[in-house]
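A closer look at the structure
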Amino acid sequence: MTTGLCTETLLIRPLQVAEIHQCVEGAVLFHREFNMPGKLIPSVFTRNWTNFLTTQIARIFSAWRGDDLVGGLGGLVHPDLNDDRIVATEMFWFVMPHERDRPGSMTAVRLLKQFMQWGDAHAVETRLAHMVGGGNDAQLDRLYRKLGYQQLEVGYYRPRRE
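Values in this document were obtained by computation on a predicted structure and should not be read as measured data.

To continue, consider helix α2 (residues 42–55). For α2, with 14 residues, the first-to-last C-alpha span of 20 Å sits near the 20 Å given by 1.5 Å per residue. Along its buried surface, α2 packs onto α1 (24–33), β2 (58–65), β3 (68–79) and β4 (86–95).

Here it is, written out as structure tokens:
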């Protein structure tokens, strides 16, 4: 990836299975930025998304400036565990820091809108996650609500005590 000096037009398109490895850098950065529990193991990420894309209704939307992957949003379509309604769930979403810093960057919103359009075509509901503590909590809450989402749940985790 480059340092973000590329001025080419942003292109959003579905990521191909052979390109999954290109999401690893962004996924690792996101994992680190939010100090998420566990490790992001590139081979596991790649294996799981290869499986999802080849055996499930799944999609990774990718954002490109020239040859540089600058963002991605991956989602799955699945039955709700309680009533079998078909839902589309966002599983990861990242935009590279240099892309976020571009004046007027709408990359995150464009990825989200592609996911929403895809989700609406395959499911009765779309679901988004929000990792708290990244410095944009209020901004994301406003965006989600503006797009018609309602807060449903706040998640917590606790590592097993040794």
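What follows concerns the pattern of salt bridges. Enumeration over the complete set of coordinates arrives at 9 salt bridges. One salt bridge in this structure joins D80 and R85, with 3.7 Å as the shortest N-O distance. One salt-bridge network, in which partners are shared between bridges, spans D80, D83, R85, E125 and R127.

Aromatic ring pairs are defined here through the distance separating the ring centres and the angle between the ring planes. Enumeration according to the criterion identifies 9 aromatic pairs in this entry. Here W49 and F92 contribute two aromatic rings whose centre-to-centre distance is 5.2 Å and whose plane-to-plane angle is 85 degrees, an arrangement assigned as edge-to-face. Of this pair, W49 sits in helix α2 while F92 sits in strand β4, and the two are 43 residues apart along the sequence. This pair shows no difference in class: W49 is buried, exactly as F92 is. For the pair F61 and W118, a centre-to-centre distance of 6.1 Å together with 75 degrees between the ring planes defines the contact as edge-to-face. You can see F61 sitting in strand β2 and its partner W118 sitting in helix α4 (residues 107–122), a full 57 residues away along the chain. A connected cluster of aromatic rings, assembled from ring pairs, spans F45, W49, F52, F92 and F94.

Below, the discussion takes up the sheet that holds β2. The strand order β1-β2-β3-β4-β5 describes an open sheet built from 5 strands, whose pairing is mixed. Of all the strands in the sheet, just β1 (10–14) and β5 (125–127) have a single pairing partner and so form its edges. Here the strands of the sheet are splayed against their neighbours by 20 degrees on average, with no regard to which way each runs. With 8 bridges joining them, β2 and β3 adopt antiparallel strand pairing. Bridging across to β3, A63 finds its partner in G71. The strands that α2 touches are β2, β3 and β4; relative to β2, the one it contacts most, it runs at about 115 degrees.

Most of β4 sits out of view: 8 of its 10 residues are buried. Once β3 ends, the chain turns through 6 residues before running back antiparallel as β4, passing D84 with a positive phi of about 70 degrees. Across 3 bridges, β4 lies against β5 in parallel orientation. Each bridged residue has a counterpart across the sheet, and for A88 the counterpart in β5 is T126.

So, on to the environment of I20. Tracing the backbone shows I20 in the loop between β1 and α1. Considering only alpha carbons, one finds I20 and R59, 39 residues apart in sequence, at a separation of 11 Å. Every residue in contact with I20, bar those within four places of it in the chain, is listed here: L15, F45, T46, W49, T50, L53 and I60.

About the cut-offs
Residues numbered from 1 in each chain as written. Predicted model: local features only at pLDDT ≥ 70, side-chain atom pairs only at ≥ 80, totals over all residues. Heavy atoms only, no water. Helix = DSSP H or I, 4+ residues; strand = E, 2+ residues; numbered from the N terminus. Expected span 1.5 Å × (residues − 1). Contact = heavy atoms within 4.5 Å. Salt bridge = Lys/Arg side-chain N within 4 Å of Asp/Glu carboxyl O. Phe/Tyr/Trp six-rings, centres within 6.5 Å; stacked < 30°, edge-to-face > 60°. Buried < 20%, exposed > 50% of the residue type's maximum accessible area, 1.4 Å probe, protein only. Pairing = 2+ DSSP bridges. Axes fitted to C-alpha atoms, helices over the stretch in contact; angles between N-to-C directions.

All quantities given are derived from atomic positions and should not be read as evidence of function.
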